[in-house]
Amino acid sequence: MNTTKVSPLGTNIKTTGKIDTKVLLSTLWIVVMINMAYADILSLHIPGAFDEVAKTSVSTGTSIPQLMLGGAVMLEIPIAMILLSRVLKFKVNRWANLIAGVITIAYVVGGRAPYPHYTFIETVEVVCMLLIVWFAWKCTNPEVQTCR
């Protein structure tokens, strides 16, 4: 549906009512990244949370700094995808979103914490990442900036 709007400068702007796929993917990655960071911030306020990190460190045979590095690397995926979703060429963009989405879903679900806030935020993250994978998979025409 095409509509015409008047801009603040008095000129007519034609709109299609569709969102550019690159903008949509980038925005979904922003939501994922903020939720990932916020879940971790909230978890720091739970008594005994650090003890659980220490137990994970012992059970996996890695040091706490190594665990933190792994978490930092995984958080960089959504951060990088915010920009990459907007600047990559069509085919690379599509595959980058598909691969990054699947890897990040596995990380979020695999790193599940037994806290209600984390379960809620994890659900939001997974839904957003499933949408990212869906839109990246669905968009097959590089000539069209919006996917139906």
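Residues numbered from 1 in each chain as written. Predicted model: local features only at pLDDT ≥ 70, side-chain atom pairs only at ≥ 80, totals over all residues. Heavy atoms only, no water.

Draft legend 1. The overall build of the protein, seen in detail. The number of helices and strands found in the protein is 5 helices and 2 strands. Each helix and strand of the protein, ordered N terminal to C terminal, gives the series β-β-α-α-α-α-α. Within the protein, buried positions represent 29% of all 148 residues. When the accessible area of the protein is evaluated, it comes to approximately 9,600 Å², of which 70% is carbon and sulfur surface. (Helix = DSSP H or I, 4+ residues; strand = E, 2+ residues; numbered from the N terminus. Buried < 20%, exposed > 50% of the residue type's maximum accessible area, 1.4 Å probe, protein only. Areas by Shrake-Rupley, 256 points an atom, 1.4 Å probe, with all protein chains shown as cover.)

Draft legend 2. Layout of helix H5 (residues 116-138). With 23 residues, H5 ought to run about 33 Å at 1.5 Å a step, and its terminal C-alpha atoms sit 33 Å apart, in line with that. Buried within H5 we find Tyr118, Ile121, Glu122, Glu125, Val126, Cys128, Met129, Ile132, Val133 and Ala136. Those residues of H5 hidden inside the fold are in contact with helix H1 (21-43) and helix H4 (90-110). (Expected span 1.5 Å × (residues − 1). Contact = heavy atoms within 4.5 Å.)

Draft legend 3. Fine view of the packing of aromatic side chains. If you walk through the whole model with that rule in mind, you get 0 aromatic pairs. Over the ring of Trp137 we find Arg94, and its NZ or CZ is 5.4 Å from the ring centre. (Phe/Tyr/Trp six-rings, centres within 6.5 Å; stacked < 30°, edge-to-face > 60°. Lys NZ or Arg CZ within 6 Å of the ring centre and 35° of its normal.)

Draft legend 4. Representation of the nonpolar core in the model. Counting 15 residues, the largest nonpolar core has Trp29, Val32, Val108, Met129 and Ile132 as its most contacted members. Secondary-structure elements contributing two or more residues to this core are H1, helix H3 (64-87), H4 and H5. Considering every element that reaches this core, the biggest residue donor is H1, with 6 residues. Beyond its immediate sequence surroundings of up to four residues, Ile132 is in contact with Leu25, Leu28, Trp29, Val32 and Asn97. Among the nonpolar cores identified, the runner-up in size contains 6 residues, and Ala39, Ala49, Ala113 and Tyr118 belong to it. (Core = buried A, V, L, I, M, F, W, Y, C linked by side-chain atoms within 4.5 Å.)

Draft legend 5. Geometry of a nonpolar patch on the surface. On the surface, a cluster of nonpolar side chains totalling about 450 Å² of accessible area is made up of Trp95, Ile99, Ile103 and Trp137. Here the nonpolar patch gets 3 residues from one element, more than from any other, and that element is H4. With respect to the helices and strands, Trp95 occurs in helix H4. (Patch = residues over 30% accessible without salt bridge, like charges linked within 9 Å, V, L, I, M, F, W, Y side chains within 5 Å. Salt bridge = Lys/Arg side-chain N within 4 Å of Asp/Glu carboxyl O.)

Draft legend 6. Broad picture of H3. Over its 24 residues, H3 extends 35 Å from the first C-alpha to the last, a length consistent with the 34 Å expected when each residue adds 1.5 Å. Taking the largest bend as the criterion, H3 deviates by roughly 35°, centred on Met81. When H3 is considered as a whole, its buried residues turn out to be Met74, Pro78, Met81, Ile82 and Ser85. (Bend = angle between axes of the 7 residues up to and from the residue.)

Draft legend 7. Quick look at the side chain of Asn93. Relative to the helices and strands, Asn93 resides in helix H4. Here Asn93 falls in the buried class, since its relative accessible area comes to 5%.

Draft legend 8. Fine view of the packing of H1 against H3. The geometry of H1 relative to H3 is characterised by a closest axis approach of 8 Å and an angle of 160° between their N-to-C directions. Between H1 and H3, the angle is such that the two are roughly antiparallel. Our pair here, H1 against H3, has a crossing hand that is left-handed. Facing Lys22, Val23, Leu25, Ser26, Thr27, Trp29, Ile30, Val32, Met33, Met36 and Ala37 of H1, the residues of H3 in contact are Met74, Leu75, Pro78, Ile79, Met81, Ile82, Ser85 and Arg86. For the contact of H1 with H3, the residue count by class is 14 nonpolar, 3 polar and 2 charged. (Axes fitted to C-alpha atoms, helices over the stretch in contact; angles between N-to-C directions. Parallel < 35°, antiparallel > 145°, perpendicular 65-115°, else oblique. Left-handed = near helix turned anticlockwise from the far one by under 90°. Nonpolar A, V, L, I, M, F, W, Y, C, P; charged D, E, K, R; others polar.)

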